[in-house]
Amino acid sequence: MKKKGHVTGLLCLLALVILLCGKPATTQAAQKNMPKKIITQMLAPDMEDYMSTSEYSFSYDSSGRIKKLTATSYATENVWSYTIRYKKSGKKITAVITYHGDEGTFSETYTFTSQGFLSSAPNVNSCSYKYYDKNKTKLKTLTVKKARNRNLIYTFTKKGYPDTILYQESKKYSGKVQYKIKKGLVSAATYWSFSKPTAKITQKVLDQSYILYYKYSSKTQKVSTSTAADWINRMILLTYVY
């Protein structure tokens, strides 16, 4: 599922956009715990040791947004990185994310609203959204419709933390990710790959799935970041790390 390090690892750059028509989120910066380093470990239930371990380190710009993400694979000793350039134009924020690694160097362009919600990404055909608060300022459910009827459905908690990702093909589900949150950061995830697409996710479907477990250990630092920057960071983390 997660191919960390390439642009395939753009796991369909998730979490899209809110064409906000309500009260804008605050732009006042606050000191928040942001990841300085994240160590990821992947384990299959029938294995005694972790299949892969990768380490990610981060730096931030003056607005509190991730400006560089550097990753190292413990298994292969490969090193790759993403540098991110932001440009504000009206009510849009453009982010150019450039991959540097053994596959060469290439860039993808994404745009966010001024509130920090993703509004466009490469290879995305369309998207739809739902909200959980009356002011329509925070994401609850996001559906990203991609080519060949392959949709990604993201859900978030009331605090805006990632909850699940559902993989959908031609209106049937082919996989699910469930996240665990600790102190505002993802601490673990479980990925179920279904043996065949299903219209309804039941416990039987989950029991018959191929399962992978992910563990995330984070070191944090205090970063002065606005609500918008916090959402942008969350989207980048979900795409490239979680």
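This structure is a prediction, so every number in the text was calculated from the model and none was measured.

Novice: Help me out: how do you make sense of unusual backbone geometry in this one?
Specialist: Peptide bonds are, in most cases, trans, and in most cases residues other than glycine have a negative phi. Even without being glycine, Lys171 reaches a positive phi, approximately 70°. Its location among the elements puts Lys171 in the loop between β11 (162-169) and β12 (172-182). The backbone phi angle of Lys183 is positive, close to 55°, even though this residue is not glycine. You can see Lys183 is positioned in the loop between β12 and β13 (185-198).

Novice: Could you clarify how one ought to interpret the nonpolar core in this entry?
Specialist: What tends to happen in soluble globular proteins is that the nonpolar side chains get buried as a cluster. Within the largest apolar cluster, 50 residues are counted, with the highest numbers of intra-cluster contacts made by Phe58, Val241 and Tyr242. Counting residues per element, this core draws most heavily on helix α2 (residues 227-240), at seven residues. Counting eight residues, the second largest nonpolar core, distinct from the first, contains Ile153, Tyr173, Phe194 and Ile211.

Novice: Is there a simple way to explain the packing of aromatic side chains in this structure?
Specialist: Two aromatic rings are characterised by how far apart their centres lie and by the angle between their planes. Inspection of every chain in the model, using the stated rule, returns nine aromatic pairs. Arranged with centres 4.8 Å apart and planes meeting at 55°, the rings of Phe117 and Trp231 form a pair that is tilted. Of this pair, Phe117 sits in the loop between β6 (104-113) and β7 (118-120) while Trp231 sits in helix α2, placing them 114 residues apart in sequence. This pair shows no difference in class: Phe117 is buried, exactly as Trp231 is. Ring geometry for Phe156 versus Trp231: centroids 5.8 Å apart, planes at 65°, classification edge-to-face. With Phe156 in strand β10 (residues 150-156) and Trp231 in helix α2, this pair connects stretches of sequence that are 75 residues apart. The class for Phe156 is buried, based on a relative accessible area of 6%. Every member of this aromatic cluster is reached through a ring pair, and the members are Tyr82, Tyr99, Phe106 and Tyr240. The ring centre of Tyr86 lies 4.2 Å from the NZ or CZ of Arg65, which sits over that ring. Above the plane of the ring of Trp231 lies Arg234, whose end atom (NZ or CZ) is 5.3 Å from the centre.

Novice: Looking at this structure, how should I read the pairing of strand β1 (residues 30-43)?
Specialist: Along a regular strand, successive side chains alternate from one face of the sheet to the other. Relative to strand β14 (residues 210-225), β1 runs antiparallel, the two sharing 13 bridges. Paired with Gln31 across the strands is Ser224, a residue of β14. Here six bridges tie β1 to strand β2 (residues 52-60), and the two strands are oriented antiparallel to one another. Its bridge partner lying in β2, Ile38 is registered against Tyr56.

Reading the values: the criteria
- Residues numbered from 1 in each chain as written.
- Predicted model: local features only at pLDDT ≥ 70, side-chain atom pairs only at ≥ 80, totals over all residues.
- Heavy atoms only, no water.
- Helix = DSSP H or I, 4+ residues; strand = E, 2+ residues; numbered from the N terminus.
- Core = buried A, V, L, I, M, F, W, Y, C linked by side-chain atoms within 4.5 Å.
- Buried < 20%, exposed > 50% of the residue type's maximum accessible area, 1.4 Å probe, protein only.
- Phe/Tyr/Trp six-rings, centres within 6.5 Å; stacked < 30°, edge-to-face > 60°.
- Lys NZ or Arg CZ within 6 Å of the ring centre and 35° of its normal.
- Pairing = 2+ DSSP bridges.

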